[in-house]
Amino acid sequence: MQVKETTTYTLFELDEFRQELVIDSLNFFIDKVKKLNPPLSAIYPADPIALPFSMYLSDKLSIPIKTEKFLNRSDRILMVFSYMPFKYLTDTYLYEKIRIFRKSFPYSPSLLIASSEKAENVDFQLIKVKKLQRINSYRFLTEGFKNFYFPLEGEFIHFTQTLWDLSKKEIKTFEKAKRIRDSAQKYLREEVIKLEPIENYIEIAIWEKFQKNLLVIPQKKEKEEESFSLKIEKLIQVSDSILNSAVTSLLEYLAQSFEYIFPTHLAYSNLEIIERRGITIIPKVTQVMDGVDVKLEIVLKSENLETDFKKLVAALKDTLKIFFEEIFKREAFRPSMDSMVEKETSKAIVYLNWFLDREMIETLYKKINRKWLLTRLYYRKQLKSKLREFFKLLKEFKFSPENLETLFSSLESLWKKNHLIVKLYSKEIKNLFERKNLWPLIGVYGLKLENANSPQLKELLHFLLSLKNYENLHQFLAKENRYFVPVKTKRIYRPNWERVIRENQDIYLKAEPLNPQSPVTYTLHSEDGKFLGVIPEIIAHYITAKETTGKTIKCRELYFDPDIFSDTSYWVEIECL
């Protein structure tokens, strides 16, 4: 039977995304399917978050939920996706999942519960909503994403018992929301929200997709490789050394006066203009005839904006007063000031324009404390020295837990100080990872950050993944074929490790599937068969899929600590050839 191409059918368009409206939409879809009674064999939850909705469809349609191990090629299967875009659930995920699944099960129409945009790769989109907001419990979503894997040929899905239990509770919560809404409409005479399909002839669409196999053929959206291009522009455009030194000392003194109250950063180039907590001073200095025109933007970012803005203005006025009373002891050009407060963004900006003539410049130049100025400028150069240190660590990298920690601590420090500088050197970083064959380090770092709450570090991980045009860690692990992996072991197996290290024995991996519904566990053994430990489940999932499609799994020593026993004492390199 031939599968032909058609387009996505969208059922409802909503202004608000609510639990009870999801149940209403599902009921509408279920009623239409029941009337036509197509020969459906199974419901397939195509992502972990879709499991509660799959349960609801299974219950109402009396069709079982099945996974790959229990399906036949001739079966007609409804693939159920949850929301998009939502964390790992992206266009790329939908495309890969449908493409790979239909290779084995070609008669499988797909249903997406909700999206904030018009979906293109699914057969049915239940809801198009203006804004996709969270309607599931945090506990369920946390467990759901623990069960998430990027689509890969040869894989089979497996959900933890915890997720099954939470999914049952989750869909009951949705049904409860509908009952409460129905009661309110009945007894409190609240306004009834009627769902009106935005497209007609849904019965024909169901018949075409379930009976005639007129399915949407997923199309891959070509994603351009992320690149970062920025021309470095100095903010002090003054060539005269005396003018330059005088203006620099003035700006540094101004910055120092704020440092006692706020975290303060004085920008010398456009690369340093990034949003940060505290004060950022953005100068624009140009030479005009025999003097300089100084234009400053003093940006304050604070949660306690009203109080801190008053402190900023007071500190600025005090500093300017010192300039005119102690340095310029005659009539001199005074600066003009203006300000703007944006409560919505917790940001305030003070604008200061000041012309300094030659006499004022020479007065400043004579009074410069050169030792103080050099100390401050030397401190600023630490960022460049840290950048050089990071590149040196990457060029000379030899795997050990200590070197790994040092390398990424150095990169994290750079990223926190100024992520634009790191992005500016993205080509150099990528070339070094490529030349030294160190891409598996990004996988190690990603697994370390799996449960981290730091937005900054997650942005750093996204940057590293984007060097190879990956969207997330799971896509990286699915597409790459080399892994650096810490072995999960126990102290009772330490004698086995000591023997392996002492006798320089080879090691090998052994797959141990427990049952068709459980993930495959890979155990590590010495050449004489002694048990050493297991590799992390997330890596086991992907190498299981690759081994199923015919790849050979090779395992070799990466780093074995002969003296210390800990969670990071034993590392192996796994390669899928």
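On a predicted model such as this, the values are computed, not experimentally measured, just so you know.

Parameters and conventions
- Residues numbered from 1 in each chain as written.
- Predicted model: local features only at pLDDT ≥ 70, side-chain atom pairs only at ≥ 80, totals over all residues.
- Heavy atoms only, no water.
- Helix = DSSP H or I, 4+ residues; strand = E, 2+ residues; numbered from the N terminus.
- Buried < 20%, exposed > 50% of the residue type's maximum accessible area, 1.4 Å probe, protein only.
- Polar contact = N/O pair within 3.5 Å; in protein donor to acceptor, adjacent residues only side chain to side chain.
- Pairing = 2+ DSSP bridges.
- Axes fitted to C-alpha atoms, helices over the stretch in contact; angles between N-to-C directions.
- Contact = heavy atoms within 4.5 Å.
- 1 Å grid on protein atoms, 1.4 Å probe; cavity = no way out; pocket = protein on both sides within 12 Å on 5 of 7 lines; lining within 4 Å.
- Points joined across faces, edges and corners; volume = space filled by probe spheres on them.
- Nonpolar A, V, L, I, M, F, W, Y, C, P; charged D, E, K, R; others polar.
- Salt bridge = Lys/Arg side-chain N within 4 Å of Asp/Glu carboxyl O.

Novice: Give me the lowdown on the side chain of Ser400, citing residues and values where you can.
Specialist: With respect to the helices and strands, the residue Ser400 is situated in the loop between helix 11 (382-395) and helix 12 (401-417). Look at Ser400 and you get buried, because its relative accessible area is 10%. Reaching out from Ser400, the side chain makes a polar contact with the backbone nitrogen of Asn403 at a distance of 3.1 Å.

Novice: Provide a residue-level description of the sheet that holds strand 17 (residues 531-534), including the pertinent values.
Specialist: Here we have three strands laid out as an open sheet, ordered 15-16-17, and antiparallel in their pairing. One side of each edge strand has no neighbouring strand; the edge strands of this open sheet are strand 15 (507-512) and strand 17. With strand direction ignored, the average angle separating the axes of adjacent strands in the sheet is 30°. Summarising the sheet, strand 16 (residues 521-526) and strand 17 pair through three bridges and their orientation is antiparallel. Residue pairing across strands places His525 opposite Phe531, the latter belonging to strand 17. Contacts from helix 18 (residues 494-503) reach strand 15, strand 16 and strand 17, with the element oriented near 110° to strand 17.

Novice: Requested: an account of the layout of surface pockets, with residues and values cited.
Specialist: Taken as a whole, the largest pocket encloses approximately 1400 Å³ of empty space. Around the largest pocket sit 40 residues that line it, and His265, Leu266, Tyr268, Glu272 and Arg380 are the ones nearest its centre. Where the lining of the largest pocket is concerned, the elements lending two or more residues are helix 7 (241-259), strand 9 (264-266), helix 10 (370-380), helix 11 and helix 13 (419-424). Take the lining of the largest pocket: its biggest share by element is seven residues, from helix 10. Of the residues that constitute the lining of the largest pocket, the class distribution is 19 nonpolar, eight polar and 13 charged. The computed volume of the second largest pocket comes to approximately 890 Å³. If you go around the second largest pocket, you meet 34 residues; those closest to its centre are Lys87, Tyr88, Phe145, Glu450 and Asn451.

Novice: Kindly report on the pattern of salt bridges, identifying the contributing residues and their values.
Specialist: Applying the stated criterion to the full structure yields 27 salt bridges. Between Glu259 and Arg376 there is a salt bridge, with its nearest N and O atoms 2.7 Å apart. Of this pair, Glu259 sits in helix 7 while Arg376 sits in helix 10, and the two are 117 residues apart along the sequence. When its relative accessible area of 16% is taken as the criterion, Arg376 is described as buried. Bridged by salt links that share partners, the residues Asp24, Lys178, Arg181 and Asp182 form one connected network.

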